[in-house]
Amino acid sequence: TPKSVFSPFAVLNEEVSKTVAGGRRFSGGAVVDGADVLLAAEPVSDNMGRTAGTLSVGVYAGEVNRHIVSIRNSIIAVTFFGALFSLVLAFLTYRDTTRPINAITKAMDAAAQGDLDVRVEIKTKDDFEKVGAGFNQMVSSILLKERRLDRFNEISTILIEAKEPEGLLKNALGRMIELTDSAIG
């Protein structure tokens with residue numbers, strides 16, 4: 001429970017008394033019975049317009065200052081934890097963004113060096129996963145076309161090296177069957 005600022009015989013300081021006696025209101029810091037208070041005082045007039053008394057409301061300045069310090073500390077704590085949370089969230093977002101990008105970049109470098117067996121495994125359930133799947137499909141397609149081209153080059157070599165038409169045809173057809181996994185029927 002709050003303590004009353006005013007005792008039955010409380011005396012307002014001279015500045016407050018003169019202001020209110022002059023018919024003007026007062027609000028601000030003052031000393032009441034030797035204690036610092038925040039005070040609002042309004043003159044009460046009689047039916048002739050003369051100041052007959054004062055209606056005052058006050059609170060100890062120490063109580064107000066304690067509340068201000070408490071609120072300030074709460075604001076600082078909330079700001080600190082909010083900033084900390086933001087930093088952690090930023091770090092996690094950065095990590096979750098750079099990992100798939102680095103994996104795709106590394107796989108692209110390997111494919112550029114000729115490693116067409118390279119694949120990326122990205123399980124992010126977002127666009128990075130789609131890009132990774134597209135990369136894997138692209139490299140598989142290039143590898144398939146390269147293997148086909150190698151087979152046709154082997155057939156061309158056989159055709160160029162053969163001198164007899166019958167032997168050439170027999171070797172070429174046999175090699176074509178072997179390379180294309182066909183069956184004579």
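Everything numeric here is computed off the predicted structure, so don't read it as measured data.

A.B. asks: Please explain unusual backbone geometry as it appears in this structure.
C.D. replies: Excluding glycine, most residues fall at negative phi; most peptide bonds, likewise, are trans. For Asp 33, which is not glycine, the phi dihedral falls at a positive 50 degrees. Structurally, Asp 33 is set in the loop between strand E1 (26-32) and strand E2 (35-45). Take Asp 33: its relative accessible area is 47%, and that puts it in the partly exposed class. The backbone of Lys 125 shows a phi angle near 55 degrees, a positive value even though the residue is not glycine. Structurally, Lys 125 can be placed in the loop between helix H2 (61-112) and helix H3 (127-161).

A.B. asks: Is there a simple way to explain the pairing of E2 in this structure?
C.D. replies: The side chains of a regular strand alternate, first on one face of the sheet and then on the other. In terms of strand pairing, E1 meets E2 through seven bridges, oriented antiparallel. Bridge assignment links Ala 30 to a residue of E2, and that residue is Val 37. Between E1 and E2, which pair antiparallel in sequence order, lie two residues; one of them, Asp 33, sits at a positive phi of approximately 50 degrees. With nine bridges joining them, E2 and strand E3 (residues 51-60) adopt antiparallel strand pairing. By the bridge assignment, Ala 40 is partnered in E3 with Val 57. Once E2 ends, the chain turns through five residues before running back antiparallel as E3, passing Gly 49 with a positive phi of about 90 degrees.

A.B. asks: Honestly, the sheet that holds E3 in this entry has me stumped. Any pointers?
C.D. replies: To summarise the sheet geometry, strands pair through backbone hydrogen bonds and adopt either a parallel or an antiparallel arrangement. The antiparallel open sheet is built from three strands, whose spatial order is E1-E2-E3. The open sheet has two edge strands with one neighbour each: E1 and E3. For this sheet the average axis-to-axis angle between neighbouring strands, irrespective of direction, equals 40 degrees. Lying over the sheet, H2 contacts E2 and E3, oriented at roughly 40 degrees with respect to E3.

A.B. asks: Teacher, can you tell me more about the pattern of salt bridges here?
C.D. replies: When their charged atoms lie close together, side chains carrying opposite charge are able to pair. If you walk through the whole model with that rule in mind, you get seven salt bridges. We note a salt bridge from Glu 14 to Lys 18, for which the minimum N-O separation is 2.9 Å. Of this pair, Glu 14 and Lys 18 both sit in helix H1 (residues 14-21), four residues apart, which is roughly one turn of the helix. On the basis of relative accessible area, Glu 14 is assigned to the exposed category, the value being 55%. In this structure, the salt-bridge partner of Glu 42 is Arg 25, at a minimum N-O distance of 2.9 Å. Highlighted residues: Glu 42 in strand E2 and Arg 25 in the loop between H1 and E1, separated in sequence by 17 residues. On the basis of relative accessible area, Glu 42 is assigned to the partly exposed category, the value being 33%. With relative accessibility at 61%, the residue Arg 25 sits in the exposed group.

A.B. asks: How do you make sense of the packing of aromatic side chains when you look at a structure like this?
C.D. replies: How two aromatic rings sit relative to each other is given by the distance of their centres and the angle of their planes. A complete count under the given rule lists one aromatic pair for this structure. With a centroid separation of 5.2 Å and 75 degrees between ring planes, the pair formed by Phe 80 and Phe 81 is classed as edge-to-face. Assessed through its relative accessible area of 53%, Phe 81 is described here as exposed.

A.B. asks: How should the side chain of Asn 136 be read in this particular structure?
C.D. replies: Summarising the element assignment, Asn 136 is placed in helix H3. Overall, Asn 136 belongs to the buried group, its relative accessible area being 16%. Those residues within four positions of Asn 136 in sequence are excluded, and the remaining contacts are Arg 119 and Val 120.

A.B. asks: Is there a simple way to explain H2 in this structure?
C.D. replies: In an α-helix, one turn spans 3.6 residues; hence positions three or four apart end up facing the same way. The terminal C-alpha atoms of H2, which comprises 52 residues, lie 75 Å apart, in line with the 76 Å expected from a rise of 1.5 Å per residue. Within the sequence span of H2, burial applies to Ala 61, Pro 100, Ile 104, Ala 107 and Ala 111. In the segment just after H2, Gly 114 is the residue with positive phi, at about 105 degrees.

Here is what the cut-offs are and how they apply
- Residues numbered from 1 in each chain as written.
- Predicted model: local features only at pLDDT ≥ 70, side-chain atom pairs only at ≥ 80, totals over all residues.
- Heavy atoms only, no water.
- Helix = DSSP H or I, 4+ residues; strand = E, 2+ residues; numbered from the N terminus.
- Buried < 20%, exposed > 50% of the residue type's maximum accessible area, 1.4 Å probe, protein only.
- Pairing = 2+ DSSP bridges.
- Axes fitted to C-alpha atoms, helices over the stretch in contact; angles between N-to-C directions.
- Contact = heavy atoms within 4.5 Å.
- Salt bridge = Lys/Arg side-chain N within 4 Å of Asp/Glu carboxyl O.
- Phe/Tyr/Trp six-rings, centres within 6.5 Å; stacked < 30°, edge-to-face > 60°.
- Expected span 1.5 Å × (residues − 1).

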